[in-house]
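# Close look at the chain arrangement
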Amino acid sequence: MTNGLLRPAMLAAARSARLERTVRRMPSTRRLVDRFVAGDTEEQAIAAATPLLESGRRISIDYLGEDTTDIGQARATVKHYLELLSALAHAQAAFSGDQTAVTPAGPLEVSLKLSALGQALPRDGHRIALDHAAEICAAAQAAAAMVTIDAEDHTTTDSTLSIVRELRGEFPDLGTVLQAYLKRTEADCQELAGSRIRLCKGAYREPADVAYQRRAEVDEAYLRCLRILMAGEGYPMVATHDPRMIDAAQRYARETGRDTGDFEFQMLHGIRDDEQRRLVKAGHRLRVYLPYGDQWYGYFMRRLAERPANLVFFLRALRPG
Ligand code: FAD
């Protein structure tokens, strides 16, 4: 993670509509966005997914969008996911063997942000997001795809986990994301260790009373949470590019008697492609989080905030001439 003042400043910028307009107008932005985002359209997302699946990787497709305060936009997002799932069901026919099975480790998954489904709507947001997510889960089941609910800023965590608990009555394989930087997460891991959990470090700007701020503290929290999940009965999804976390996952898996089919690694599209291939070659399950859509700004800025090298790359591209 980028240290010091830069990371909070970038994460604050990720929520600025004014800066978004500026960044979108810059001629060099698109090329950089393309590094992390699979394109604007569903067709482009499926085209990017195909070689990943052919290389033995699994995918989780995310239709970009967040913080919706417009019910029409939330409905449009649901409609978009339903169309995507129907297109994936057709594309699925291209893949054979046990890869087509709907198992926790099946090849196809969609990731959802509840704030894009209406969670932030002032009236009944929680209920609306729950109903919308249920509609998408049913369509995913019909399309032989899994669903995982993303984690957003800490003010949404209680609502998100309560929606996940409720949906799991009908969709027991529904996954969710826990963020190791939140101080509450070890307890959430204890509670949810029997299910599909994607463990990440956490990508938002959070206050010190709820989240660890120092990189070393976040890493130690990640390791503690990972140990809990690996010792549990569920299916850990180890979402990180960090070699130290990847080694620890392999070690904890050995210690807890899990084989390579009992958990998976996950990485973001465009990040550490060589490492993704190496893990697949070594017999591990590896899922790529593949975002697409024109609402890429917040996602893109969080990626820049994570890594000084990404930011330097961006700033260099902005230089004229
Ligand atoms: P970092 O602490 O960023 O990096 C640690 C080390 O990893 C670096 O020192 C370097 O050695 C290596 N590394 C990292 N990036 C690179 C790179 N580009 N090239 C080479 N080496 C690199 N966050 C949320 O808040 N909510 C979510 O729902 C969510 N979902 C996610 C889903 C997936 C599949 C993944 C992979 C991440 C998700 N995240 C989510 C983002 C996550 O919280 C982190 O912000 C992000 O993954 C960066 O943390 P890291 O563990 O990769 O390690």
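The written sequence of each chain sets the order in which its residues are numbered from 1. Reporting in this predicted model follows two pLDDT cut-offs: at least 70 for local features of residues, and 80 or more for side-chain atom pairs to be given and counted; totals over whole chains, interfaces and linings ignore these cut-offs and use all residues. For the side-chain quantities, the full set of heavy atoms in the structure was used; hydrogens and water were omitted.

Across soluble globular proteins, nonpolar side chains have a tendency to be buried as a group. Leu-112 and Leu-226 are the most contacted members of the largest nonpolar core, which has 67 residues in total. If near-sequence neighbours (up to four positions away) are discounted, Leu-112 is found in contact with Tyr-81, Leu-117, Ala-133, Ile-136, Val-147, Thr-148, Ile-149 and Asp-150. To form a nonpolar core, buried Ala, Val, Leu, Ile, Met, Phe, Trp, Tyr and Cys residues must be joined to one another through side-chain atoms within 4.5 Å. Using a 1.4 Å probe on the protein chains alone, a residue whose accessible area is under 20% of its type maximum counts as buried, one over 50% counts as exposed, and one in between counts as partly exposed. Ala-14, Val-33, Val-37 and Tyr-299 belong to the second-largest nonpolar core, a separate cluster that totals 21 residues. Whether two residues are in contact is decided by their heavy atoms, any of which lying within 4.5 Å being enough.

Any residue with at least one heavy atom within 4 Å of a molecule or strand is counted as near it. Close to the ligand lie 26 residues, the nearest being Ala-151, Gly-202, Thr-240, His-241 and Glu-306. Nitrogen and oxygen atoms within 3.5 Å of one another constitute a polar contact, given that in protein one can donate a hydrogen and the other can accept it, and given that sequence-neighbouring residues count only through two side-chain atoms. Contact between the ligand and Ala-151: a nitrogen atom at 2.8 Å from a main-chain N or O atom of the residue. Residue Gly-202 places a main-chain N or O atom 2.6 Å away from an oxygen atom belonging to the ligand. Within the complex, the protein chains bury 87% of what would otherwise be the 950 Å² of accessible surface of the ligand. The helix count covers DSSP runs of H or I at least four residues long, the strand count covers runs of E at least two residues long, and both are numbered beginning at the N terminus. Of all the elements in the fold, those that place two or more residues in the shell around the ligand are strand E4 (175–179), strand E5 (196–200), strand E7 (264–268) and helix H12 (297–306). Residue polarity is assigned by list, with Asp, Glu, Lys and Arg as charged and Ala, Val, Leu, Ile, Met, Phe, Trp, Tyr, Cys and Pro as nonpolar; anything else, Gly included, falls into the polar class. For the shell around the ligand, the class distribution of residues is twelve nonpolar, five polar and nine charged. To measure how exposed things are, a 1.4 Å probe is used in the Shrake-Rupley method; for residues, cover is taken only from the protein chains shown.

Here a salt bridge means any side-chain nitrogen of Lys or Arg lying within 4 Å of a carboxyl oxygen belonging to Asp or Glu. Taken as a whole, this structure holds 29 salt bridges when the rule is applied. Here Arg-24 ties to Glu-20 by a salt bridge, and the two come within 2.9 Å at their closest N and O atoms. Note that Arg-24 and Glu-20 are positioned in helix H2 (residues 17–25) at a spacing of four residues, about one turn of the helix.

Pairing of aromatic rings covers Phe, Tyr and the six-membered ring of Trp, with a centre-to-centre limit of 6.5 Å; geometry is then stacked below 30 degrees between planes, edge-to-face above 60, and tilted otherwise. Throughout the structure, instances matching the rule amount to six aromatic pairs. Aromatic side chains Tyr-63 and Tyr-292 sit 5.4 Å apart centroid to centroid with 45° between the ring planes, which places their arrangement in the tilted category. Taken together, the positions of Tyr-63 in strand E1 (residues 58–63) and Tyr-292 in strand E8 (residues 286–292) put the pair 229 residues apart, joining distant regions of the chain. Across this residue pair, the class does not change: Tyr-63 and Tyr-292 are buried.

What follows deals with the packing of helix H3 (residues 29–36) against H12. Lines fitted to the C-alpha atoms define the axes, with helices restricted to the stretch that makes contact. Angles between their N-to-C directions range from 0 to 180 degrees. Where H3 meets H12, the axes come as close as 10 Å, and the angle between the chain directions of the two elements is 80°. Here H12 runs roughly perpendicular to H3, going by the angle between their axes. Between H3, through Thr-29, Leu-32, Val-33 and Phe-36, and H12, the contact on the second element is made entirely by Tyr-299, Phe-300 and Arg-303. Grouping the amino acids of the contact of H3 with H12 by side-chain chemistry returns five nonpolar, one polar and one charged. Geometric relationships in this document are graded by angle, where less than 35 degrees denotes roughly parallel, more than 145 denotes roughly antiparallel, 65 to 115 denotes roughly perpendicular, and other angles denote oblique.

The next subject is the side chain of Glu-152. Tracing the backbone shows Glu-152 in the loop between strand E3 (146–149) and helix H7 (157–168). This buried residue, Glu-152, is left without a salt bridge; Arg-15 holds the nearest opposite charge, at 5.7 Å. Within the structure, the side chain of Glu-152 is placed 3.2 Å from the backbone nitrogen of Leu-114, a separation counted as a polar contact. When charges are counted, neither His nor the chain ends are considered; positive counts come from Lys and Arg and negative counts from Asp and Glu.

Most of E5 sits out of view: five of its five residues are buried. Here E5 shows no split at all, with Arg-196, Arg-198 and Cys-200 on one side and Ile-197 and Leu-199 on the other all buried. A strand pair is defined by DSSP finding two or more bridges across the two strands. As defined by bridge partners, E4 adjoins E5 across four bridges and the pair is classed as parallel. By the bridge assignment for E5, Val-177 is matched with Arg-198. The handedness of a crossover follows from its direction of travel: if, with the strands pointing away from the viewer, the path from the first strand over the helix to the second runs clockwise, the crossover is right-handed. Note on the crossover from E4 through helix H8 (residues 185–192) to E5: the handedness is right-handed. Sheet topology places E5 next to strand E6 (residues 235–239); four bridges connect them, and they run parallel. For Arg-196, the partnering residue across the bridge sits in E6 and is Tyr-235. In this view, the connection linking E5 to its parallel neighbour E6 by way of helix H9 (residues 215–231) has right-handed handedness.

Function-wise, these values are silent; they only describe arrangement.
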